[in-house]
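# Structural features, examined
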Amino acid sequence: MMAYQGLAISSSAVATAAANMTDTTTRSTIMTGTRMLKSLGAVVGPTLSGHFASTDVRLPFKVASLVGLTGFVAQVLNKPVIQRIQEKLRQRRSVGKESALLEGQWVDEHGTREEICDLGVFVA
C-alpha cells in the first residue's frame, strides 16, 4: 500500500515539475512525452536492472547513471537541432492566423440542447 502511495506522489511530482517548466504552447507535447517515457522506464528499467544485478548488485546503479549521463550529453549536443525543429514547428501553427474559411477570426459553434445530446450519443 505504501509503495502505491509513493508511486502516486512521485508521478504527481514529475507531472508538476514538467508542467512548471513549459508554457502553454509546448505543455501538451511535454506532458505526453513525460508520461510516455515514465511508463516505458517503469517497464524497461526493472527488466534490465534484473539482468545486470545477476552479475553484480551495484551494476544496475552504474548503468542507470551512465544512461542518464548519456541522455544529458545527447541533449546538450543536439540543442541546435532541437531549436531548428522548434522553429519549423512554430512556423506551421495556424491557430490565430488569417484563414479563408474562418475569415481571420475564431468562430465558436453553438448548438441546441438536443443537438449536443445527439452528438454525445453519436460519439459514445
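Structure report, in brief.

Parameters at a glance
Residues numbered from 1 in each chain as written. Predicted model: local features only at pLDDT ≥ 70, side-chain atom pairs only at ≥ 80, totals over all residues. Heavy atoms only, no water. Patch = residues over 30% accessible without salt bridge, like charges linked within 9 Å, V, L, I, M, F, W, Y side chains within 5 Å. Areas by Shrake-Rupley, 256 points an atom, 1.4 Å probe, with all protein chains shown as cover. Salt bridge = Lys/Arg side-chain N within 4 Å of Asp/Glu carboxyl O. Helix = DSSP H or I, 4+ residues; strand = E, 2+ residues; numbered from the N terminus. Buried < 20%, exposed > 50% of the residue type's maximum accessible area, 1.4 Å probe, protein only. Axes fitted to C-alpha atoms, helices over the stretch in contact; angles between N-to-C directions. Parallel < 35°, antiparallel > 145°, perpendicular 65-115°, else oblique. Contact = heavy atoms within 4.5 Å. Nonpolar A, V, L, I, M, F, W, Y, C, P; charged D, E, K, R; others polar.

Taken together, the side chains of M36, L37, L40, V43, V44 and L48 make up a nonpolar region of the molecular surface, amounting to roughly 580 Å² of accessible area. As for its position among the elements, L48 is in helix α2 (residues 27-53). Here L48 falls in the partly exposed class, since its relative accessible area comes to 44%.

Close contact between α2 and helix α3 (residues 59-77) brings their axes to 8 Å; oriented N to C, the two are set at 130 degrees. By the angle class used here, α2 and α3 are oblique. Here α2 contributes S49, F52 and A53 to the contact with α3, which in turn contributes L59, P60 and V63. Of the residues assigned to the contact of α2 with α3, the class counts are 5 nonpolar, 1 polar and no charged.

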